[in-house]
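Listed below are the residues making up each chain.
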Amino acid sequence: MHRIDCPWCGIRDEAEFQYQGDATKVRPAPDASQDAFFDYVYKRDNPKGWHTEWWHHVGGCRQWVKVVRNTLTHEIHATGAPAEKLSLPRKKKRGSK
Amino acid sequence: MGKNRLNFGGTKLDRSKPVNFTFDGKTYSGFAGDTLASALLANGVVLMGRSFKYHRPRGCLTAGSEEPNAIVEMRSGPRREPNTRATVAELYDGLDAQSQNRWPSLAVDLQSVNQLLSPWLTAGFYYKTFMWPAKFWEPVYEKFIRRSAGLGHAAVEADPDTYEHAHAHCDVLVVGAGPAGLSAALAAAATGARVLIVEEQAHVGGDLSSTLDQIDGKPADQWAAEAWVKLKALDNVTTMTRTTVFGYYDGNVLAALERVNDHLAEPPNGQPRQRMWNIRAKEVALTCGSHERALTFDNNDRPGVMLAGAVREFVEGYGAAPGKRVVIVTNNDEAYRTAMVLKEAGVEVPLIADARTTPNAAAEAARAAGIPVEMGVLPKKAVGRLQVKAIELQRVDGAFHKKVECDCVAMSSGYSPDVHLVSQTGVAPIWREDILGFVPDTPKRQERSAGAGKGIFDLAGCLHDGHMAGIDAARNAGFEPAKSLKASRADPTSAVPPLAIWRCPGQGKAFVDFQNDVTARDIHLAAQEGYVSVEHAKRYTTLGMATDQGKTSNVTGIGLLATARGEPISDVGTTRFRPPYSPVAIGAFAGHERGREFQPVRQTAMHSCGEKLGAVFVEAGLWLRPQYYPKPGEGVMEAIYRESKQVRETAGICDVSTLGKIEIFGPDSGEFLNRLYINGWKMLAPGKARYGLMLREDGYVFDDGTTSRLDDDHYFMTTTTANAARVLAHMEHAAQVLWPELDVHFCSATEQWCGVAVAGPNARKVLADAFDEALDISDEALPFMGVRTFSWCGTTARIFRISFSGELAFEVNVPWSFGEAMWNAIWEAGQKHGLIAYGTEALSVLRIEKGHVAGNELDGRTTAADMGLGRMMSTKKPFIGQVMAGREGMIAEDRATLVGLKITESEGRLRGGAHLVVDKDDASAETSLGWVTSVCDSPAVGCWIGLAYLQGGLSQHEGKTLYAVNPIYDEAPAVEVCSAHFFDPEGERLNG
Amino acid sequence: MWRDPEPKPQYDVIIIGGGGHGLATAYYLAKEHGITNVAVIEKGWIGGGNVGRNTTIVRSNYMFPANTHFYEKSMKLWEGLEQDFNFNAMVSQRGVINLFHSDPQRDAFARRGNAMRLAGVDAEFLTPEQLKEMVPILDFENARFPIQGGLLQRRGGTVRHDAVAWGYARGADSRGVDILQNCEVKDIVVEGGAAVAVETSRGTIRGKKIAMAVAGHTSQVAKMAGIELPIESHVLQAFVSEGIKPLLDTVVTFGAGHFYISQSDKGGLVFGGDLDGYNSYAQRGNLPMMEHVMAGGMAIMPAIGRVRLLRHWGGVMDMSFDGSPFICKTGIDCLYLNGGWCYGGFKATPASGWCFAHTIAKDAPHKLNEAFTIERFRQGRMIDEKGVGPSPWIQ
C-alpha cells in the first residue's frame, strides 16, 4: 500500500487518495490550438520509473498533492503542493542496508 | 488414548484435557493441543487424503502449514471449509472432518483408476489429450475435466461467521517466533523500539519444540517459553500467535491473518472467526525459518513416508508416533536429530540410510547411541499401498541394496530457506550450492532476513543472527541498543554439507509436488518438450501451484529441471512467489463489507416521511430514494401514472435532497463559473438562478444543474446526484491546479441542505400556506428562476423558483436537520390543495414529457449539441472542454441527436435500450440509427413516449415512422419521431 | 514445442513481443498470408506477460459496432482454434453473465444486448428466476444492490490462457517463424521516415516491416520510434482460490461491485475487479483493491467466504484513453502498432493477431480494425464503451 506524505496532513494511506494522473501536463492557453489541447488531454509519457503525478486527498484535506513516485518500484520520492517544482531523484534510492 | 500415543514428548499437549473428534464419521480421541494430523497419527490413522490427479492414497507429509497431502473438509453446513490442512487444524471437542477427493471412501477410491491412465495424464495432459475426436471436447471431455475439478466441497450457504479488519503500527515487526525471531524480538525490544512479533502457530519456538538442544543452559523449549513470557511482559512489545503474515506490500505494509477462533467449534458470540491485520512497520525482521524437502524416490508418497522434521515434531511436540519402526533416509545431518528423538521416545529405528559417503559426527553419535547407520545408501522404492510396509534401498550407483521392513519412513533432502515474503518485495532469491537452497539477495525495502530464512541452520547461528537482525532493525528505526546487550547462546555445531540428490534412481512414480501429482518424470518431460524456462515448466506441469504453494516442492522441481537442462540451478533460477504466503479465506479480506454492509446506505433527512407514506425505495448510487408511493391495491405502473398525472393537475412534493450541492464564495466566483460552464455567468444577478452545463476537458458533457447567485460573492451550485463527488473534484482541480490565481472557495453542502421540489398548479398556494408570513412567493417577489432566502423556524431556508417538470414549481432547501419538519409543514398545508407525494419515477415521467435530459441521456459520450443544447455554448468566452468539443468527429453531421418518440401502436410499450431502424426486417448494427434512452407511459401525451438519440435527428426524421427494435425482448414497436418537448412546448405552465 | 534459433540478420517482418498477440500475429501472417520469414522477439520467455496473467474470460458482449464485430471475429476464431492448432486450449463456452441492479443499468445492458443481437452476436436477458437456476450461490435476499437480472452471452466462457500462447507459438514455429526469446529490443531504427531495424540484446536485426505487440509496455517501445501515445500503464490484479469441487458453472460479472468470477477446470475460483488505479509497471497489486474486490465477491456470493485465496498477482494493462485498442499504422512507414488493450486483451487475441497480420501484410487495415487508429482521438471519434472519458485509471 502506498503511503503518501500529504503536505497538509502528513503520511496517509493510499486509500484516502484519488489518483489523478500525470502532473507534468500543463493546460494550454484557452485560445491554443486543438493540437495543443490534444497533447494536454491525450498524450502521455507514461514512464517506467519516476513519474510526477496527482493524488487528490479526497478522504482528507481535499488538496491536490503532487507526488514523485516510481511506477516500477512504487517508491515515493517527494510530495508537494501543486505549485511546487519537484525534481526527480538522480539515482534510485534504496531502502535500509 | 490412541495406540500410537507416546508417554514421551507432547510439549504442545495438555494431557489433562482429552478431546473427542470424528474423521470420516468415526470417532477418535486426542488431547487439547493436538492438531487433527497428530491426533490421527496417535490413533494409528495414517491415511488422510487422496491426491488431485491420480487419487493416490496419502498421509501427512509435514507437520505444518506447508502440508500438501493431508487436507480435509472441516465442519459442515454453512461452515464447511474445504482443503483445511490437518497439520494446522487445532483439535477441539466435536471437531468433524471428512476426507476429500475420494469416492466412495478414502480406502477404496474408484477414481484411482486414473493411475492406470497415467501414461496419458502426464505433464500437460490437458493440452495434448482430449482432442480426438474433435466433436467430443465440449460435450464429453470438458464435462469430465470440470467434474474432476478441485479437492473439497465449499459451502453453498452464506458464511455465518464474521471477519474483522484491524491495523497495527510498529517500529520493528518480527515475523516468526522461532529461535531467530525470539532472539530478534528480545534484542529490538531492549532498545525501546515498539516491537510486534507474530507467530503462525499457537506455540512459539518453532523447531525448538522438537529438539534435544539447550539454550543458555536450559532445554530449548523452556528457553522459548520464558522468552515469550518476557516479551509479553514488556510494554513496548506486542505478541501475536495463530497469526500468519501472508503478504508484504508496498510502503512496508504487511498483511497478516489472525485465526482468532478457528481452534474452537464456533466463534463465541460477538467474536470474529478471523481478523485481518494491516501492519505498518518501520522495519521488519524476517525470521521465517525453512522448509524441509522430500527425497524423490519411487512411491515416496505412500502414507507413512514423511519428512524427518515432521516425524520429530509429531513425536516431541505431540507425543504421537507416526510409526512403530521408522527408517530414516537422508542427505544431511538434520535427519539424525529425528533418529535421536525417536530413540529417546522408545521408537525403533532399524536404520539410518545416509546418501553421503563422507564420515560425519552426526552419524558417529547415532551409532554411539546404538542406531545403525549406512552411508552411501539411498531409498529406491517404498513398498505398501495404504501405508508403507517396507523400504527398498539402493547404493548410490543404483545397485539394489536391501529391503527394510518399517511402517514409517522419515526422509530429508535438506532445507529450503523460506524466502516467500522477501521474494514478494521483488528481491530475487539467489542459489547457494553449499546449503542447497535459495537465500534472499540484498533487501529493497526496510527489511532483513535472519536465521534459517537466510540459510543459517545451526541453533547457535540462528540465535546470534536473529539478535543482530533485531538490533539492526531497531537501529534503522531510530533506536540504539545498549552495549551490554547480548544474544542467547547454544553450543556451536558443525554440519557436513548436504548432498544434492534430486532424483533417487528409479522407474516408477517419484513425486515432487504431491498434491498436484507432479512427478520427476513430468518435469523431465516438460523440459524435453521445450518448456525449459522455469516459468513454462511450472505452468505446464502445475508444479508448485497447489494449495501448499510449492513450499516443499519448488526447489526439488528446479533441481530436476536443472538436471534435465544440464545446467546449474543458479542458471535456471526460480519462479516468483506470489502472495499470500498461505491461503487466506476470502471472507477475511472482505471483512465487514459484505451483504447489505457491502457499501453504506445513505438516507435523506426525509426518509421517514417517505416511509410513513408507504414509499417504495430505490437505489440511486448509495442513496435510497422514494421511487413511488403505491396506494393499497395499486400496481407500480398505476401508481406512477397517477402521481405524474396528479402533479400536473394539483401539486406534488418530491424529495430532491440527493442532488449534489456546492457552496461557492469569493470575488472571482462568477469568473470561475464562467470557465466551468459552457454558458455565461457574468451577467447573472444576485437572487437569480440559471441552468448550467459543464463539459469534461475532452469536450463531452460532464454534468448539468442549476446554480444560483445568492449574493455578490456567493453562489450555490447543484449537480446531478450521480456526479456530485466528481464535479467537486473537478472544481478542486480547476481552483487548485489550473487557476490558483482566482479568489474562489467552495465546499460540498450536499449533506448540509436537504430539499424538496413542490410542483403543480397549486404549488404556490401550498407553499404560501406552509410558510405563512415567512415568505412572499408571489410572481413579483419570486419570478421564474428567482431565488430567495428566508427565515423559517429560526433557521435559514432557501427557495428557488425552478422547474424540472415544466409546471409552476419551487425547490425549497433547509438545513438537513430541519428536513422532516419542512416536509411535514408542507405536507399538512398541502392537503387542502390536493398535494401528493411523488417519487423518482413520476419525476422522470414529468421531465421526459418536457424533454429534459437526465442520467440516461448524459452517458459520457454526448455533446451539448447532441442534447440539443449546442447553442448554449458561448463563443464569447473560453470554458473547459471548448477546444476539444470542436473536433471533427464531435461536430459531425452523422452524430445522433436528441429526439422524442411516440409509440404509434395501441398495444405494446417502449423500452430503454431499443435501437431505432427504418425497416424492422432489416435491423442490423449497420442499419441502427440510434437508441432509446428513457421511456414512460405518459399521462400528458396519452401514450408511451421516449427520448432517443437518433442519427439525423429531428431535422431528417420528424414525423417519420421508425421501429424501436428490441431483440432481447423480441419486440419492435413502431414509433413516430417528434420533438422531445412533448408537453407545453411554449412553457406556459411554468407560470401556474 | 518450438525451436530456439539464432537471429537471422534480416526478416520480412519483425514482431516485437512474444505474448499472445505477437505470437498470434506471426501465426496468421504465416497461415493466412504466406509470410513466414518472420521473427517474434521476446525479452523474456514467451507468454510471460498478460496472456498468462489474466482471468481467461472470452466474450464478445460489446456495444459499439467497431468492438462488437471485432470481438465476435475473435469469438469465432476461438471456436475453431483447437482444431486449427491441434492443441487443446480448453475453450469452454460456459456463458458470461453481467448482473444488473437498477433500471438504468438494465436499460444500458438492453442497449448493449440489442447492439450485440443486431450485429449477429448471441445475447439474452435473464430474469432473477433464471439467474437463480444458473447461479444458485448468488445471494438474492441480502445483497446490498438487489439483483434484477442479467445479460447473458452463452457463447462466452473461458480458455486456458497459457495454452493459447503455446498453441500459437507451436503453430508459428512449425511454419517457419523464428521465436527469439531472451532478446530485448533496445531501439527501433528509423531511416528516411521508415522503420528498418531493431537493436536488440542479441544484435541488430533488420526487418522490412516492424510490428509492435507489447501491450503493457507499448509506451516504452513506441517511444523508441519517437511516438507518444494516449496510453497509460496500470496494474490490474487477478486472484485465484484453492481448488474446490464445482460450485460455479458460468462467468459472472457484478458491475455494481466491481467483481467478476469464474471457476477454472482445476477448481480454483478465478476472479478480479478494478484497476489498482495508478500508473504502474509493477506486476503486483496492493491491499486496498484486494479487500475491495473480495468485498464485492462477498456482497453477492457470501458462500465463498471460507474458500481461501491461493494466489494473487498483477498484470500491466495498456490503458488507452477511451478503453479501446489500437491495431493500425503509425505514421512511420513500415512500423505498425498493436496495443491499448485495456481489459480486452486476452479475449481479443485471435482477432487481434488476425487483423494485425492483415494490416501488416496489406499495409492497410482490415475493415474489422479500421476504427482502431491513433488518429481517432485527434478526430474526436473515440470508441468509449464506458463513457468515462480520458481518465484511464477509472475506466
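One structure accompanies this document, and this report is about it. (Residues numbered from 1 in each chain as written. Chains lettered and ligands numbered in written order. Predicted model: local features only at pLDDT ≥ 70, side-chain atom pairs only at ≥ 80, totals over all residues. Heavy atoms only, no water.)

What follows concerns a negative patch on the surface. All names here are of chain B. The grouping of D711, D712, D713 and D743 at the surface amounts to a negative patch. Among the structural elements, D712 can be located in the loop between β37 (701-711) and β38 (714-719). For D712, a relative accessible area of 48% gives the class partly exposed. (Patch = residues over 30% accessible without salt bridge, like charges linked within 9 Å, V, L, I, M, F, W, Y side chains within 5 Å. Areas by Shrake-Rupley, 256 points an atom, 1.4 Å probe, with all protein chains shown as cover. Salt bridge = Lys/Arg side-chain N within 4 Å of Asp/Glu carboxyl O. Lys, Arg positive; Asp, Glu negative; His and termini not counted. Charge placed at Lys NZ, Arg CZ, Asp CG, Glu CD. Helix = DSSP H or I, 4+ residues; strand = E, 2+ residues; numbered from the N terminus. Buried < 20%, exposed > 50% of the residue type's maximum accessible area, 1.4 Å probe, protein only.)

A few words on the sheet that holds strand β23 (residues 400-405) of chain B. All names here are of chain B. In space, the three strands of this open sheet follow the order β21-β22-β23, with antiparallel pairing throughout. Looking at strand neighbours, the two that pair on one side only are β21 (377-383) and β23, the edges of this open sheet. Across the sheet, the axes of successive neighbouring strands diverge by a mean angle of 25 degrees, strand direction being ignored. (Pairing = 2+ DSSP bridges. Axes fitted to C-alpha atoms, helices over the stretch in contact; angles between N-to-C directions.)

In this section: the side chain of E199 of chain B. Residue and element names in this part refer to chain B. Position of E199 relative to the elements: it lies in the loop between β9 (195-198) and β10 (214-215). Buried charge without a salt bridge: E199, with R259 as the nearest opposite-charge side chain at an N-O distance of 7.4 Å. Within the structure, the side chain of E199 is placed 2.9 Å from the backbone nitrogen of Q201, a separation counted as a polar contact. (Polar contact = N/O pair within 3.5 Å; in protein donor to acceptor, adjacent residues only side chain to side chain.)

This brings us to the interface of chain C and chain A. Frequently, the measure chosen for interface size is the accessible area that the parts lose on association. Across the contact, 28 residues belong to chain C and 27 residues belong to chain A. Regarding the contact of chain C and chain A, the summed buried area is about 2500 Å², with carbon and sulfur atoms giving 51% of it. The largest per-residue losses of area from chain C upon contact with chain A belong to E228, N279 and R378 of chain C, which jointly make up 25% of the total buried on that side. Inspection of the chain C/chain A interface yields three salt bridges. Salt-bridge contacts for R44 of chain A lead to E232 of chain C; the nearest nitrogen and oxygen are separated by 3.7 Å. Viewed at the interface, chain A and chain C are joined by 18 residue pairs in polar contact (both at pLDDT 80 or more). Of all elements in the fold, only α6 (218-224), β12 (231-243), β15 (268-279) and α9 (375-379) of chain C reach the threshold of two or more residues within the side of chain C that touches chain A. For the side of chain C that touches chain A, the element with the highest residue contribution is β12 of chain C, accounting for four residues. Among the residues making up the side of chain C that touches chain A, the classes are represented as 13 nonpolar, nine polar and six charged. (Contact = heavy atoms within 4.5 Å. Buried area = accessible area lost by both parts, 1.4 Å probe. Nonpolar A, V, L, I, M, F, W, Y, C, P; charged D, E, K, R; others polar.)

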